[in-house]
Amino acid sequence: MIKLLKNFLNENTKLTKKHHEVNKSFKEIISFFNIITSTILEEDMMILFMDSEMIIRSVFLYEGKGLKVLENKTLNIDDKLIEEKVFIKTYKGNSIYCYISKEFTEKYNNCKYRFAIISLKSDNRKYKKFIEKINYSILNLLTYDNEKYSSYENLLMYLDAIDDGISACDSNGILRYINESACKIIGAKKEEMINKKLDLLTNNAILSQVIKTGKTYMDFEYFLEYNKKTFHLMNSAYPVYAKNKNIIGGIDIFRRIKRSMKVASDLAGYEAVYRFENFIGKSKVFNDSKELAKKFARNDKNILILGESGTGKELFAQAIHNYSHRSNGPFVAINCASFPKDLFDSELFGYDEGAFTGARKGGKLGKFELASGGTLFLDEIGEMPIHLQAKLLRVLETKSISRIGSNKKIDVNIRIIAATNRNLEKMVNNNNFRGDLYYRLKVLYLILPPLVKRGKDIIELTNYFIDKYSKDSDRKVKGMDKEAEKLLLSYDWPGNIRELENIIALSLFICDGEYINKEHLVKAGLKDKNKYSTETINPSKKLSDINRELIIKTLEKTKGNKKRAAEILGVSRNTIYRTLKKNNS
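Computed from a predicted structure; not experimentally measured. (Residues numbered from 1 in each chain as written. Predicted model: local features only at pLDDT ≥ 70, side-chain atom pairs only at ≥ 80, totals over all residues. Heavy atoms only, no water.)

## Description of unusual backbone geometry
Then, in step 1: In the Ramachandran plot, Asn195 falls in the positive-phi region, its phi being about 65 degrees despite a non-glycine side chain.
Then, in step 2: One can find Asn195 in the loop between α6 (190-193) and α7 (198-201).
Then, in step 3: Here Asn195 falls in the buried class, since its relative accessible area comes to 15%.
Then, in step 4: Positive phi outside glycine occurs at Trp493, with the angle close to 50 degrees.
Then, in step 5: Residue position: Trp493 is located in the loop between α18 (482-490) and α19 (496-510).
Then, in step 6: The exposure class assigned to Trp493 is buried, which follows from its relative accessible area of 1%. (Helix = DSSP H or I, 4+ residues; strand = E, 2+ residues; numbered from the N terminus. Buried < 20%, exposed > 50% of the residue type's maximum accessible area, 1.4 Å probe, protein only.)

## Description of the packing of helix α10 (residues 284-297) against helix α11 (residues 313-323)
Then, in step 1: Two elements in contact, α10 and α11, have axes separated by 8 Å at closest approach and are oriented at 45 degrees. The orientation of α10 with respect to α11, classified from their angle, is oblique. Judged by the sense of rotation from one axis to the other, the crossing of α10 with α11 is right-handed. Here α10 contributes Phe286, Ser289, Lys290, Ala293, Lys294 and Ala297 to the contact with α11, which in turn contributes Phe316, Ile320 and Tyr323.
Then, in step 2: Of the residues that constitute the contact of α10 with α11, the class distribution is 6 nonpolar, 1 polar and 2 charged. (Axes fitted to C-alpha atoms, helices over the stretch in contact; angles between N-to-C directions. Parallel < 35°, antiparallel > 145°, perpendicular 65-115°, else oblique. Left-handed = near helix turned anticlockwise from the far one by under 90°. Contact = heavy atoms within 4.5 Å. Nonpolar A, V, L, I, M, F, W, Y, C, P; charged D, E, K, R; others polar.)

## Some words on the confidence of the model for the protein
Then, in step 1: Here the protein averages 79 in pLDDT, while 79% of its residues score no lower than 70.
Then, in step 2: Considering each helix and strand of the protein separately, the mean pLDDT is smallest for helix α9 (residues 257-267), with a value of 55, and largest for strand β15 (residues 303-306), with 96. (pLDDT = per-residue confidence, 0-100.)

## Notes on the sheet that holds strand β23 (residues 444-447)
Then, in step 1: Taken together, the 5 strands give an open sheet; going across it, the order is β16-β19-β22-β15-β23, and neighbouring strands pair in parallel fashion. The two strands at the open ends of the sheet, each matched to only one other strand, are β16 (331-335) and β23. Between one strand axis and the next, the sheet turns by 15 degrees as a mean value, whatever way the strands run.
Then, in step 2: One ladder, built from 4 bridges, connects β15 with strand β22 (residues 415-420); its direction is parallel. Among the inter-strand pairings, Ile303 is bridged to a residue of β22, identified as Ile417.
Then, in step 3: Those strands touched by α11 are β15, β16, β19 (375-379), β22 and β23, and its axis lies near 150 degrees from that of β15. (Pairing = 2+ DSSP bridges.)

## Overview of the pairing of strand β11 (residues 175-178)
Then, in step 1: Pairing between strand β10 (residues 165-170) and β11: 3 bridges, direction antiparallel. Each residue of the ladder has a partner; that of Ala168, found in β11, is Tyr177.
Then, in step 2: The hairpin turn running from β10 into β11, its antiparallel successor, is 4 residues long, and Gly173 in that turn takes a positive phi close to 80 degrees.

## Focus on the pattern of salt bridges
Then, in step 1: Tallied over the entire structure, the rule returns 17 salt bridges.
Then, in step 2: The partner of Asp288 in a salt bridge is Lys284, with the nearest N and O atoms 2.8 Å apart. Highlighted residues: Asp288 and Lys284, both in helix α10, separated by 4 residues, approximately one helical turn.
Then, in step 3: Taking the relative accessible area as the measure of exposure, Lys284 reaches 62% and is therefore exposed.
Then, in step 4: Across the pair Lys367 and Glu347 runs a salt bridge, and its minimum N-O distance is 2.5 Å. (Salt bridge = Lys/Arg side-chain N within 4 Å of Asp/Glu carboxyl O.)

## Details of the nonpolar core
Then, in step 1: Counting 34 residues, the largest nonpolar core has Phe368, Leu378 and Ile381 as its most contacted members.
Then, in step 2: The biggest single contributor to this core is helix α14 (residues 386-398), with 5 residues.
Then, in step 3: In contact with Phe368, not counting residues within four places along its chain, are Leu348, Phe349, Leu376, Leu392, Val395, Ile401, Val412, Ile414 and Ile416.
Then, in step 4: One finds Leu451, Ile458, Leu487 and Ile504 within the second-largest nonpolar core, a separate group that totals 27 residues. (Core = buried A, V, L, I, M, F, W, Y, C linked by side-chain atoms within 4.5 Å.)

## A look at helix α12 (residues 341-349)
Then, in step 1: Three or more residues of α12 are buried, namely Phe344, Asp345, Ser346, Glu347, Leu348 and Phe349.
Then, in step 2: Following α12 by one or two positions, Gly350 has its phi on the positive side, about 75 degrees.

## Some thoughts on the sheet that holds β11
Then, in step 1: If you walk across this open sheet you meet the 5 strands as β11-β10-β14-β13-β12, and the pairing is antiparallel. Because the sheet does not close on itself, it has two edges, and the strands there are β11 and β12 (217-226). Within this sheet the neighbouring strands show an average axis-to-axis angle of 30 degrees, counted without direction.
Then, in step 2: Running over the sheet, helix α8 (residues 206-213) touches β10, β12, β13 (229-241) and β14 (247-256) and is turned about 145 degrees from β14.

## Remarks on the environment of Thr16
Then, in step 1: Within the element layout of this structure, Thr16 appears in the loop between β1 (13-15) and α2 (24-37).
Then, in step 2: Sequence separation between Thr16 and Leu75 is 59 residues; the distance between their C-alpha atoms is 10.0 Å.

## Here we look at the packing of aromatic side chains
Then, in step 1: A complete count under the given rule lists 12 aromatic pairs for this structure.
Then, in step 2: Relative to Tyr323, the ring of Phe276 lies with its centre 5.4 Å away and its plane at 80 degrees, an arrangement referred to as edge-to-face. Here the residue Phe276 occupies a position in the loop between α9 and α10, and Tyr323 occupies one in helix α11, the gap between them amounting to 47 residues.
Then, in step 3: Among the residues examined, Phe276 registers a relative accessible area of 2% and is labelled buried.
Then, in step 4: When the ring of Phe279 is compared with that of Phe286, the centres are 6.1 Å apart and the planes differ by 55 degrees; the resulting orientation is tilted. Both residues of the pair, Phe279 and Phe286, belong to the buried class.
Then, in step 5: Site record: aromatic cluster; members linked through ring pairs are Phe276, Phe279, Phe286, Phe316 and Tyr323.
Then, in step 6: The cationic tip of Lys442 hangs over the ring face of Tyr445; the distance from NZ or CZ to the ring centre is 4.5 Å. (Phe/Tyr/Trp six-rings, centres within 6.5 Å; stacked < 30°, edge-to-face > 60°. Lys NZ or Arg CZ within 6 Å of the ring centre and 35° of its normal.)

Laid out in structure tokens, this is it:
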């Protein structure tokens, strides 16, 4: 039946030379018209939407499908068209009934329109009611006052301004709305999408599942296939219910997976906060390292940072990331010495749902995926298990990974910055580290100077720490005296900047005056080469006894305030309780 009507329509339309520009409000009326007709259409009918010159703008078929008709096609029926009258035309032995609506005017642009119902059945009363229903609905739309129409326009602009993609369908799976961001994400045009069956646009439409099952899907990975391309998205999809609790459609909100990964890494604490301008120190050896790091940052090659513990390797990694073209991407850090070997694979590569007993529902993103588009910092790379070194090498060569429990390749765009305080070259010679990986990582390498070689940077750093910790306490310490400075400059600093910070934090708390002196530093644990204070900690004591003495001294100063003592010592209150209980204090 539909085929017969389509052939009739094709043979009874002609091309007019007159150009007819379709304005924005007209397109919106067609979109609204499509929604109305989806509840009226029957298997034996077609509905035409035309302008006042009978140029057909859209054709609507059974199941709510809209046919795009060529511009400037005009309906060509021999009989003179009279409003609201039924005309009959014989075609291939069938009677074709044509019901023409009266002309109506769009309020704000003064454009005139009409529509027609073409059917194989004659039912004047029925179709007259259909025409009345369509006319009434459209006139209601067109008689909105300026304020309401303006609000509708603003709403569309608000939705287009959102960076997330938004699309909505009706209960038949016809796409009724899609915003500009959604079109940009998948590289489509609105006119290619609107009023199309979702299952014809993609073979894995999540909204089709939503309207079938009535289930809500929140924050899940989604691979959308459109126009022979696959888009990796983070999606949430929701059914939409009418007041009678029947599903009338669905809506989904999605974004590129990379953007979600950036948010996830930031929330997990993987954020690069340090920049080169935050660094303290003017010594030549330190400035040379900083300038070299800046040059490396402008390159996208892998970087290996070498240096003793406490020299600021992660701070340099963050600064390099922020100085590079990847600064808007994620910065993900992982300490290779802190993870159990059996968890390392899943942490780096992630896993799919059901990959192993206890696997999280929906699977889990690995650090490689989280860092895609940005930087992955592998601290203590020398502690990485040997079997994972081979996998890391593979990732560096192929720029792709596979999750545990999956054979699917996922492309990752990352720059690796690795760091270690170990002698990797010696480890390679002893077969404890893969030589091929070592040279892959050591494309660019940076050696950070130990604190003892930075000269007066020690005093500059000390003043910074005094200012930092004074703000968090009621102490009014202004600085150090000359003897204290001499002691700081003569010390070897095996723990580097981290040790200096701890010494100053504790000295500041011990100090009762305006200046930290040598005795305060010695009491805080700094060794004087010329004289050892009787109040310093006896190195022959057990570590548990040393911890206990430090806690007790700190509690005396804080008048028993365990929370404040924990902050000063850089430990949790549970550690204080546990240490004191163990020693029956």
